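Structural description and commentary
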Amino acid sequence: MKTFKLKAEEIKRIIDPMGACMATDKITVEGMKVGYMYREESDIDSDCGWRFFSGTEDQFYVDDPNNSMFYDVNTIANYDNAVIPYLGLPLGVELERIPGTDKFQIIPG
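By convention here, each chain's residues receive numbers from 1 onward along its written sequence. In keeping with the model being predicted, local features are shown solely for residues with a pLDDT of at least 70 and side-chain atom pairs are shown and tallied solely at 80 or more, while totals for entire chains, interfaces and linings include all residues. Note: side-chain values were computed over all heavy atoms of the structure, leaving out hydrogens and water.

A closer look at the nonpolar core
For the purposes of this section, nonpolar cores are sets of buried Ala, Val, Leu, Ile, Met, Phe, Trp, Tyr and Cys residues that join through side-chain atoms within 4.5 Å. Only protein chains enter the accessibility calculation, which uses a 1.4 Å probe; a residue whose area is less than 20% of its type maximum is buried, one above 50% is exposed, and one in between is partly exposed. Residues Val34, Met37, Trp50, Phe52 and Phe104 are the most contacted members of the largest nonpolar core, which totals 21 residues. Where this core is concerned, the elements lending two or more residues are β1 (20–24), β3 (47–53) and α3 (73–79). Apart from the residues lying within four places of it in its own chain, the contact partners of Phe52 are Cys21, Met22, Ala23, Thr24, Ile27, Val34, Tyr36, Met37, Ile76, Val83 and Leu87. The helix and strand labels rest on DSSP assignments: H or I over at least four residues marks a helix, E over at least two residues marks a strand, and numbering proceeds from the N terminus. Residue contacts are counted whenever heavy atoms from the two residues lie within 4.5 Å of one another.

Right, here's the structure in full:
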């Protein structure tokens, strides 16, 4: 059983519905800000393809399915509203937070 940083009643509708995304417990349980995010094509219609990480996860952590879950994108926007301006970017985009800011930069390639 996970204890989330935000309680369900603290989650407010702050973006239009866009589907599900994946985020790690570093964000939703530990309350860390999003440090790295990317958008990939999904095989599931309800999944918009966004993947959110704090940027501190190692491969061992990411490979453990117990360390991440699918959420409504609005939920992750409540944890870190700095992601909101970037949510309309297309599939294939990768972004990293510019340290010390609420801005992200696209990772080339």
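A short note on the pairing of strand β2 (residues 36–39)
Here β2 shows a buried face lined by Met37 and Arg39 and an unburied face lined by Tyr36 and Tyr38. For two strands to count as paired, DSSP must find a minimum of two bridges between them. By the bridge criterion, four bridges tie β2 to β3 in an arrangement that is antiparallel. Residue pairing for β3: Met37 is matched across the bridge by Phe52. Summarising the sheet, β2 and strand β5 (residues 94–97) pair through three bridges and their orientation is antiparallel. Among the inter-strand pairings, Tyr36 is bridged to a residue of β5, identified as Glu96.

Examining the environment of Thr101
On the secondary structure map, Thr101 appears in the loop between β5 and β6 (104–106). With relative accessibility at 30%, the residue Thr101 sits in the partly exposed group. Sequence separation between Thr101 and Asp80 is 21 residues; the distance between their C-alpha atoms is 12 Å.

Focus: the packing of aromatic side chains
For Phe, Tyr and Trp, where Trp contributes only its six-membered ring, two rings pair if their centres lie within 6.5 Å, and the inter-plane angle classes them as stacked under 30 degrees, edge-to-face over 60, or tilted in between. Considering all chains together, one arrives at six aromatic pairs under this definition. Between Phe4 and Tyr71, the aromatic rings sit 6.2 Å apart at their centres with planes inclined by 90°, giving edge-to-face as the arrangement. Within this pair, whereas Phe4 is found in the segment before β1, its partner Tyr71 is found in strand β4 (residues 68–72), the two being separated by 67 residues in sequence. With 5.4 Å between their ring centres and 70° between their planes, Tyr86 and Phe104 make a pair best called edge-to-face. One end of the pair, Tyr86, is in the loop between α3 and β5; the other, Phe104, is in strand β6, with 18 residues separating them in the sequence. Taking the relative accessible area as the measure of exposure, Phe104 reaches 7% and is therefore buried.

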